Amino acid sequence: MKQMTEPRSAAGVGNPDRAEPTEYQRTSDRARKLGYCITETEIEGAPAFLVGRWGMSRMLANLEEVESFLDRVAVGEVRP
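Parameters at a glance
Residues numbered from 1 in each chain as written. Predicted model: local features only at pLDDT ≥ 70, side-chain atom pairs only at ≥ 80, totals over all residues. Heavy atoms only, no water. Phe/Tyr/Trp six-rings, centres within 6.5 Å; stacked < 30°, edge-to-face > 60°. Helix = DSSP H or I, 4+ residues; strand = E, 2+ residues; numbered from the N terminus. Buried < 20%, exposed > 50% of the residue type's maximum accessible area, 1.4 Å probe, protein only. Polar contact = N/O pair within 3.5 Å; in protein donor to acceptor, adjacent residues only side chain to side chain.

Colleague: What is the right way to look at the packing of aromatic side chains in this model?
Modeller: In this description, a pair of aromatic rings is defined by centroid distance and the angle of the planes. For the structure shown, the criterion picks out two aromatic pairs. Between the aromatic rings of Tyr 36 and Phe 69, the centroid separation amounts to 5.5 Å while the plane-to-plane angle is 90°, which identifies the pairing as edge-to-face. With Tyr 36 in the loop between helix 1 (23-33) and strand 1 (37-43) and Phe 69 in helix 2 (residues 63-73), this pair connects stretches of sequence that are 33 residues apart. Here Tyr 36 and Phe 69 have matching classes, each one buried.

Colleague: For this particular structure, what's the right way to read the side chain of Arg 30?
Modeller: Residue placement: Arg 30 occurs in helix 1. When its relative accessible area of 9% is taken as the criterion, Arg 30 is described as buried. Side-chain polar atoms of Arg 30 contact the side chain of Asp 71, separated by 2.8 Å.

In structure tokens form, the structure reads like this:
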């Protein structure tokens, strides 16, 4: 079957020109380096982010909360 659309990863979401990475892309890349996956979603009309690893996930309301969570799990990591 012929593929009709170009495959996309989280790194390409919200940036079709692939110019400067968005805040979501930078956070997603950081999470991926720590072994986590971020899924942007909506719950009852409000934006939310699911951060998951090893079959467990946590729902966070915004990217600031995601960054704070990543700070806690990244013991010893130097933040760019």
